[in-house]
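Letter by letter, the chains look like this.
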Amino acid sequence: MASQHPNAPARASGLVHQNVRLTHRYVVVSNDLAQHPALSFTARGLALHLQSLPAGAPVGIKALAAKAPESELRIAAAMRELERHGFLKRTRERMPDGRFLPCTISYNRPGADPGPVRTTPPPPRSPERAPVPEAVPGSEAEPDPEPEPEPGPEPDRPSGHRTGPPSPDPHRPSAELLAGLRVHEPRLLLSERDVRRLAPGVTAWLERGADPAAVRRTLCAGLPHDLAHPAGLLAHRLAALLPPPLPAAPVRPAAPDPLQNCDDCDRAHRAPVPGPCPDCADAAAGGGGRAA
């Protein structure tokens, strides 16, 4: 019978660690993040990935989704989780030239703030405007808000120029429609600046024959539960869902002249008004008479 050793350590059950000492290509992560009870595993993994990236790396939703199996919608939800629990902060910093630079701050401990984050301004942009980001097919995830250009100075009017009455604002009906969206959907509360920026997009819909009530229903339908940027979502919908122009109305042929009875020979002929038929009119004009 085999001898028993009561003092031998019991074999470990569950997780067993077999670690080696790391000397390069590693990142230190706090248990505040790794064992956070309210964060999903997707959010924890995203925070770990952000902590491993060098400063200045692109961390937009599309950039992260391009190198991960998760969809843009799941990555956006994970980033909002990290923001709610203090592991992430997304801001926009104003550059000396007036542009706004997006900045994402990743914290290794919630509430930690080691000091102001300094970013290096990117090279000057070309005058062409960047395209509007597209949404994930089958979802209505709101795109990140785009930097808005500062309004330029108004041109000086020449002295002595007589100004007439102010011209009507072509976008006023669109602005009123946008401002009234909050009555139907409280989450679509827009600022005056957002209303002025989005009004031309609504005007394009109205000029293509869209009914204002239909435009309102389209903008209010199927909003995400955790809508953070209503203006960005509306800008995407106005651009992506723009209806085509109405087809031109078909040209109908002119109706034929009604039938009339000739005053002389009593034959039926077509003419716009009663009178002689063409034969009797020609005979009368030539001075002759119609043969019996």
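Nothing here was measured: the structure is a model prediction, and the numbers come from that model.

### Regarding the overall build of the chain
Helix and strand content of the chain: 10 helices and four strands. Secondary structure elements of the chain, listed N to C terminal, follow the sequence α-α-α-α-β-β-α-α-α-α-α-β-β-α. In the chain, of all internal contacts separated by at least 6 residues, the share reaching a separation of at least 24 is 51%. Within the structure as shown, the chain displays about 21700 Å² of accessible surface, and the carbon and sulfur contribution to it stands at 56%.

### Things to note about the nonpolar core
By size, the foremost hydrophobic cluster in this structure holds 20 residues, and its most contacted members are Leu178, Leu181 and Leu219. Put simply, the parts of the chain that give this core at least two residues each are helix H5 (172–179), helix H7 (192–207), helix H8 (212–220) and helix H9 (230–240). In terms of residue count, H7 provides more of this core than any other element does, five residues in total. Among residues more than four places away in sequence, those in contact with leucine 178 are Leu190, Val195, Leu198, Ala199, Val202 and Leu219.

### Considerations on the packing of aromatic side chains
Under the criterion given, the structure shown has zero aromatic pairs. The ring of phenylalanine 41 has arginine 44 sitting right over it, with the charged end atom 4.8 Å from the ring centre. Here the basic side chain of arginine 92 rests over the ring of phenylalanine 100, its NZ or CZ set 5.1 Å away from the ring centre.

### What to know about a nonpolar patch on the surface
A grouping of Val20, Leu22, Tyr26 and Val28 is seen on the molecular surface, where their side chains present a nonpolar patch of about 460 Å² in accessible area. By the secondary structure assignment, valine 20 is in the segment before helix H1 (31–34).

### Brief notes about unusual backbone geometry
If you check the backbone angles, aspartate 266 has positive phi at about 65 degrees while not being a glycine. With a relative accessible area of 56%, aspartate 266 lands in the exposed category.

### Regarding the pattern of salt bridges
Considering all chains together, one arrives at nine salt bridges under this definition. We note a salt bridge from arginine 99 to aspartate 97, for which the minimum N-O separation is 2.6 Å.

### Things to note about the environment of glutamine 260
When you line up the elements, glutamine 260 lands in strand S3 (residues 259–261). Separated by 17 residues in sequence, glutamine 260 and cysteine 277 place their C-alpha atoms 8.4 Å apart. Those residues in contact with glutamine 260 that lie beyond four places of it in its chain are Arg267, Ala268, His269, Ala271, Pro272, Val273 and Pro274. A distance of 3.3 Å separates a polar atom in the side chain of glutamine 260 from the backbone oxygen of alanine 271.

### Here we look at the packing of H8 against H9
Between two packed helices, both the angle of their axes relative to each other and the distance between the axes serve to describe the pair. The interhelical angle for the contact between H8 and H9, taken along N-to-C directions, is 125 degrees, at an axis separation of 10 Å. Taken as axis vectors, H8 and H9 run oblique relative to one another. Judged by the sense of rotation from one axis to the other, the crossing of H8 with H9 is right-handed. Facing H8, whose interface residues are Thr218, Leu219 and Cys220, H9 presents Leu234, Arg237 and Leu238. Here the residues of the contact of H8 with H9 sort into four nonpolar, one polar and one charged.

### Considerations on H8
Residue pairs three or four apart in sequence face the same way in an α-helix, which turns once every 3.6 residues. Those residues of H8 that fall on the buried side of the exposure criterion are Val215, Leu219 and Cys220. For H8, the angular spread of the buried residues around the axis is 120 degrees, confining them to a single face. Buried-residue contacts for H8 involve H5, helix H6 (181–184), H7 and H9. Of the residues flanking the start of H8, the one acting as N-cap is aspartate 211, its side-chain oxygen 3.0 Å from the backbone nitrogen of alanine 213.

Conventions and cut-offs
- Residues numbered from 1 in each chain as written.
- Predicted model: local features only at pLDDT ≥ 70, side-chain atom pairs only at ≥ 80, totals over all residues.
- Heavy atoms only, no water.
- Helix = DSSP H or I, 4+ residues; strand = E, 2+ residues; numbered from the N terminus.
- Contact = heavy atoms within 4.5 Å.
- Areas by Shrake-Rupley, 256 points an atom, 1.4 Å probe, with all protein chains shown as cover.
- Core = buried A, V, L, I, M, F, W, Y, C linked by side-chain atoms within 4.5 Å.
- Buried < 20%, exposed > 50% of the residue type's maximum accessible area, 1.4 Å probe, protein only.
- Phe/Tyr/Trp six-rings, centres within 6.5 Å; stacked < 30°, edge-to-face > 60°.
- Lys NZ or Arg CZ within 6 Å of the ring centre and 35° of its normal.
- Patch = residues over 30% accessible without salt bridge, like charges linked within 9 Å, V, L, I, M, F, W, Y side chains within 5 Å.
- Salt bridge = Lys/Arg side-chain N within 4 Å of Asp/Glu carboxyl O.
- Polar contact = N/O pair within 3.5 Å; in protein donor to acceptor, adjacent residues only side chain to side chain.
- Axes fitted to C-alpha atoms, helices over the stretch in contact; angles between N-to-C directions.
- Parallel < 35°, antiparallel > 145°, perpendicular 65-115°, else oblique.
- Left-handed = near helix turned anticlockwise from the far one by under 90°.
- Nonpolar A, V, L, I, M, F, W, Y, C, P; charged D, E, K, R; others polar.
- Arc of directions from axis to C-beta.

In short, geometric facts, not functional conclusions.
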